[in-house]
Amino acid sequence: MKNLVIVESPAKAKTIEGFLGKDFTVKSSFGHIRDLPSKKLSVDVENNYEPDYVVPKDKEAIVRELKKLSKSAELVWLASDEDREGEAISWHLQEALGLKDDKVRRIVFHEITKSAILNAVENPRGINIDLVNAQQARRILDRLVGYELSPVLWKKVKPNLSAGRVQSVSVRIIVEREREIENFQATSAFRVRAYFNVDGMEFQADLSKRFDTLEETRTFVAGCENASFSVSDLQKKPGKRTPAAPFTTSTLQQEASRKLGFGVTRTMKVAQDLYEQGSITYMRTDSVNLSDLAINAAKDEIVKLYGEEYAKTRQYSSKSKGAQEAHEAIRPTYMDKKSVKGDAGHQRLYDMIWKRTIASQMQDAKLERTTVNINVSSSDIGFVANGEVIVFEGFLKAYLEGTDDETEDTKGMLPNMTIGQGLDAGKVEGMERFSQPPARYTEASLVKKLEELGIGRPSTYAPTINTIINRNYVVKEGKDGVEREYGYILLDSDGIKEEVKTEITGAEKTKLFPTDIGKVVTDFLVENFTDILDYNFTAQVEKEFDEIAEGQKEWTSMIDSFYKPFHKTTVHTSENAKKATGETLLGVDPASGRNVYSRLGRFGPMVQIGEAENEEKPKFASIPADQRMEEVTLEQALELFKLPRDIGEFEGEQMTIGIGKYGPYVRHNKGYVSIGDEDPMSITKETAMQLIIARREELKKMLINEFADGEDVIQVKNGRYGPYIAVGKKNYKIPKGTEPESLGLVECKEIIAAQPDRPKRGARKKK
DNA sequence: CAGTGAGCGAGCTTCCGCTTGACTT
């Protein structure tokens, strides 16, 4: 073999191999191949921050293969991405494979096109060690922050918690938004709207001023009853709209959320599939750049579909902080391809990418905006109608970007009118409108915010959100709205009518809410580690990483000047800070006269009667998952102490209701059955009995067959992942094509014997 | 699978960013 090329992704390897011909073998490293082991800090803070890099278990095989191939190759071309992480991957490869400098060529390209690849091969360079050092600084800073902060939380808040440069700020964003909403005081004002009809075309106009009170509104609307209306001014202005830039990871996630209702994880999974089948370019990118090839292909397609006048090619430039632009924007590989493999979700995401890319190379939409001022004879205040007409569709023919805020007024067409023209108002209505609290974040709008702050990378947006949800800092859920009254006055041909109407406000679906733990941890970190929780912390260290990459700063001294004071703070906090429990005094227990508190305990949110320091031991009860610690009242707290409670007998055994580690349950005859959404305080004996019977049925369905094998019981069961064989606590797979019903004792034993005890893999089990 | 919450002390937890499958009961 003459040449070995190593890239990061196997799909990329396949494409590139086609461009380079038979003298080149292209392989993939599957991302990073060495890292700091997770068991310990692995950074020698006493010895100039010497990192201890190792090849992780799951990378041993690939490193072995690459080592073998590189031995037999004349030249090894390191073709990882041209950014900080990519440069580090190349460096680690050279180190781990033990490659001499003269055998190594470093090449880079921003787009996977034949000319870009061939050009890269013509222009190799060496590894840029400054860029590598910037990555090492990034990696080691993150390790030091994460591994020194988390233990402080274990000690001061609760075991198993985590903190880090990215996740802790992400949680803070959610927590602060929730507090803004909690503290929000809605104000209201009366909007007056008149409906006109000209030549059979209806349109609406709003009064240029809103009234503070119902009285003012009533006076004004009443004045309209015998007033005359006329056009006092009319202005037409040309306007335009320009298409949005092609997709990056962040904008793809946002738009898939708005238009398709996808969560960020689903978007990335579907995009990965499209990438692997060769339908789109790489899906983890912060660049809005398109290759010349792509721009020309888009133009051809536009001309073919819509005509020459619809095409306008353009190059966009990235606005996001810290963009590294190692790839193209996300676009179809072939612009003339309209359908893809996979389900409807794949097709819809692909359509969106196709339209967005096409639209980005199309003409602006030309508009005509009209403003009409309308006089009322009974008042100095006038109405204003806004209209918008599309003169030339341009890119709107293909695609329009969605918006996050749902504004209610959509501008439409206005009829032809002239100044001085008299108008008839069909009706005039005054309606109380309220100011809106800031919106809670969705997964996608959080990603947008993180990107604006320069926090996280395209490859980490989706995993970061999963982390803060899995750690129980944040929950994704909906919320019922509450009814609100508003004043309403209507003037029409029947005269004036006034009423109090109601509307639902504050309803949410699948938004991010902070948990009690998320709030307590955020407050603790903001108080004690203000710098790291600062929204600009990442931006500041990124500036220093850039200086390292430029060769203007030495990475270990940068880390040292960060770590020295940081470490001091962790030690100081560890020794001096009070435990953070979010304790709130709810009131006094009428039965005992002792104080009742809500607070965070070692196992989560709970309520407590009495203090630990006192003679008499305090009583404790957990707060169920659907209740917020901050919202628990004294009455609700006292209710919680009524559990566990007996609710009567079934088959001669007592049924007891309680709330356990896994939620509310009914215990009966030493067994436990989850009661799901039933209220543990009010569940009846009959409901509980039904649940127990239903659970028995379920278990019966799960059990396909059962055999006695000496001491052991062998069971053939139906599980979440299909049928399996269970013996004691061990489970065994049933080979494909075997009917589980057909298995007898002998067959089961054969299957068990054929499957040696698997090594317990992955100590990382997360509940 | 199913009360625990104080304190003792063993041993454990934890980061971010780059990539895909293997595998789950």
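Residues numbered from 1 in each chain as written. Chains lettered and ligands numbered in written order. Predicted model: local features only at pLDDT ≥ 70, side-chain atom pairs only at ≥ 80, totals over all residues. Heavy atoms only, no water.

This paragraph deals with the protein's contact with DNA strand B. Ser9, His32, Tyr282, Phe603 and Ile659 are the nearest of the 62 residues found near DNA strand B. Near-protein atoms of DNA strand B (within 4 Å) split between backbone and bases, with sugar and phosphate holding 49%. Contact between DNA strand B and Arg139: a base oxygen at 3.1 Å from a side-chain N or O atom of the residue. A distance of 3.0 Å separates a base nitrogen of DNA strand B from a polar atom in the side chain of Arg143. Taken together, the elements giving at least two residues each to the surface near DNA strand B come down to helix 5 (129-156), helix 9 (264-276), strand 20 (604-609), strand 21 (619-622), strand 23 (653-660), strand 24 (663-668), strand 28 (722-727) and strand 29 (730-733). At nine residues, helix 5 tops the list of elements feeding residues into the surface near DNA strand B. (Near = heavy atom within 4 Å. Polar contact = N/O pair within 3.5 Å; in protein donor to acceptor, adjacent residues only side chain to side chain. Helix = DSSP H or I, 4+ residues; strand = E, 2+ residues; numbered from the N terminus.)

This paragraph deals with the side chain of Arg177. Locating Arg177 in the fold gives a position in helix 6 (residues 167-183). Separated by 2.5 Å, the side chain of Arg177 and the backbone oxygen of Ala439 make a polar contact.

So, on to the pattern of salt bridges. Counted according to the given criterion, the structure contains 48 salt bridges. Of the charged contacts in the structure, one is a salt bridge between Arg84 and Glu542, with a shortest N-O distance of 2.9 Å. You can see Arg84 sitting in helix 3 (residues 84-97) and its partner Glu542 sitting in helix 16 (residues 537-549), a full 458 residues away along the chain. For Arg84, a relative accessible area of 6% gives the class buried. The salt bridge partner of Asp286 is Arg457, with a shortest N-O separation of 3.1 Å. Of the two residues, Asp286 sits in the loop between helix 9 and helix 10 (292-305) while Arg457 sits in the loop between helix 12 (443-453) and helix 13 (461-470), which places them 171 residues apart along the sequence. Given the relative accessible area of 26%, Arg457 is considered partly exposed. One network of salt bridges, in which partners are shared, links Arg179, Glu182, Lys519, Asp523 and Glu630. (Salt bridge = Lys/Arg side-chain N within 4 Å of Asp/Glu carboxyl O. Buried < 20%, exposed > 50% of the residue type's maximum accessible area, 1.4 Å probe, protein only.)

Turning next to unusual backbone geometry. The residue after Leu643, namely Pro644, is reached through a cis peptide bond having omega -5°. For Pro644, the location among the structural elements is in the loop between helix 18 (634-640) and strand 22 (645-650). Positive phi, normally seen in glycine, also occurs at Phe30, with a value near 55°. Checked against the element boundaries, Phe30 lands in the loop between strand 2 (24-28) and strand 3 (43-44). With a phi close to 55°, Glu651 is a non-glycine residue in the positive phi region. Structurally, the position occupied by Glu651 is in the loop between strand 22 and strand 23.

This brings us to the sheet that holds strand 10 (residues 365-376). Taken together, nine strands build an open sheet; the order of strands is 12-9-10-11-8-7-13-15-16 and the sheet is antiparallel. Each edge of the open sheet carries a strand with a single partner, namely strand 12 (422-423) and strand 16 (495-505). Pairing of strand 13 (residues 425-434) with strand 15 (residues 482-492), which is carried by four bridges, proceeds in the antiparallel orientation. By the bridge assignment, Gly430 is partnered in strand 15 with Ile489. Across the sheet, helix 7 (residues 214-224) is in contact with strand 7 (188-198), strand 8 (201-207), strand 9 (229-241), strand 10, strand 11 (383-392), strand 13, strand 15 and strand 16; its angle to strand 15 comes to roughly 25°. (Pairing = 2+ DSSP bridges. Contact = heavy atoms within 4.5 Å. Axes fitted to C-alpha atoms, helices over the stretch in contact; angles between N-to-C directions.)

Relative orientation and spacing of two packed helices are given, respectively, by the angle between their axes and the distance between those axes. Relative orientation of the contacting elements helix 6 and helix 12 amounts to 120°, with a least axis distance of 11 Å. Regarding the angle of helix 6 to helix 12, the classification is oblique. Judged by the sense of rotation from one axis to the other, the crossing of helix 6 with helix 12 is right-handed. Counted together, Ser170, Ile173 and Ile174 of helix 6 and Leu446, Lys449, Leu450 and Leu453 of helix 12 form the full contact between these two elements. (Parallel < 35°, antiparallel > 145°, perpendicular 65-115°, else oblique. Left-handed = near helix turned anticlockwise from the far one by under 90°.)

Attention now moves to the domain arrangement of chain A. Looking at the assigned domains, one finds that chain A contains domain 1 (3-127), domain 2 (134-186 + 436-473 + 515-579), domain 3 (188-242 + 366-435 + 474-509), domain 4 (249-363), domain 5 (584-640) and domain 6 (703-753). A C-alpha centroid distance of 51 Å is found between domain 3 and domain 5. (Domains from an automatic or database assignment.)

Moving on, we get to the packing of aromatic side chains. In total, this model carries 16 aromatic pairs according to the counting rule given. Here Tyr306 and Tyr310 contribute two aromatic rings whose centre-to-centre distance is 6.0 Å and whose plane-to-plane angle is 50°, an arrangement assigned as tilted. Relative accessible area serves as the criterion here: at 10%, Tyr310 is assigned to the buried category. Centroid distance Phe529 to Phe566: 6.2 Å. Interplanar angle 55°. Geometry classified as tilted. (Phe/Tyr/Trp six-rings, centres within 6.5 Å; stacked < 30°, edge-to-face > 60°.)

Here we come to helix 2 (residues 60-72). Every α-helix carries 3.6 residues per turn, so stepping three or four residues along brings you back to the same face. Over its 13 residues, helix 2 extends 19 Å from the first C-alpha to the last, a length consistent with the 18 Å expected when each residue adds 1.5 Å. Listed in full, the buried residues belonging to helix 2 are Ile62, Val63, Leu66, Leu69 and Ser70. Summarising the axial view, the buried residues of helix 2 lie within an arc of 130°, below the 170-degree limit, and thus occupy one face. For helix 2, exposure combined with an orientation more than 90 degrees from the buried face picks out Arg64, Lys68 and Lys71. (Expected span 1.5 Å × (residues − 1). Arc of directions from axis to C-beta.)

So, on to a negative patch on the surface. Together, Asp626, Asp677, Glu678 and Asp679 line one region of the surface with negative charge. Inspection of the secondary structure puts Asp626 in the loop between strand 21 and helix 18. For Asp626, a relative accessible area of 68% gives the class exposed. (Patch = residues over 30% accessible without salt bridge, like charges linked within 9 Å, V, L, I, M, F, W, Y side chains within 5 Å. Areas by Shrake-Rupley, 256 points an atom, 1.4 Å probe, with all protein chains shown as cover. Lys, Arg positive; Asp, Glu negative; His and termini not counted. Charge placed at Lys NZ, Arg CZ, Asp CG, Glu CD.)

A few words on the side chain of Asp364. Within the secondary structure layout, Asp364 lies in the loop between helix 11 (344-360) and strand 10. Here Asp364 falls in the buried class, since its relative accessible area comes to 7%. Side-chain polar atoms of Asp364 contact the side chain of Arg314, separated by 3.0 Å. In this view, Asp364 contacts Lys240, Arg241, Thr242, Pro243, Lys312, Arg314, Phe392, Gly394 and Phe395; residues no more than four positions away in its chain are not counted.

We now examine the sheet that holds strand 19 (residues 595-601). Hydrogen bonds between backbone groups are what pair the strands of a sheet, and the pairing can be parallel or antiparallel. The four strands are arranged 18-19-20-21 in an open sheet whose pairing can be described as antiparallel. The sheet is open, and its two borders are formed by strand 18 (584-588) and strand 21, each paired with just one other strand. Each neighbouring strand pair of the sheet contributes to a mean axis angle of 25°, computed without reference to strand direction. Pairing between strand 18 and strand 19: four bridges, direction antiparallel. From the neighbouring strand, Thr584 faces strand 19, where its bridge partner is Ser598.

To continue, consider helix 10. A rise of 1.5 Å per residue sets the reference length of helix 10, with its 14 residues, at 20 Å; its end C-alpha atoms lie 20 Å apart and thus fit the reference within 8%. Here helix 10 has its buried residues at Ala294, Ile295, Ala298, Glu301 and Ile302. Viewed end-on, helix 10 has its buried residues packed into an arc of 125°, placing them on one side of the element. Exposed and oriented more than 90 degrees from the buried face of helix 10 are Asp292, Leu293, Asp300 and Lys304. Those residues of helix 10 that are buried are in contact with helix 11. Positive phi shows up at Gly307, right after helix 10, with a value of about 110°.

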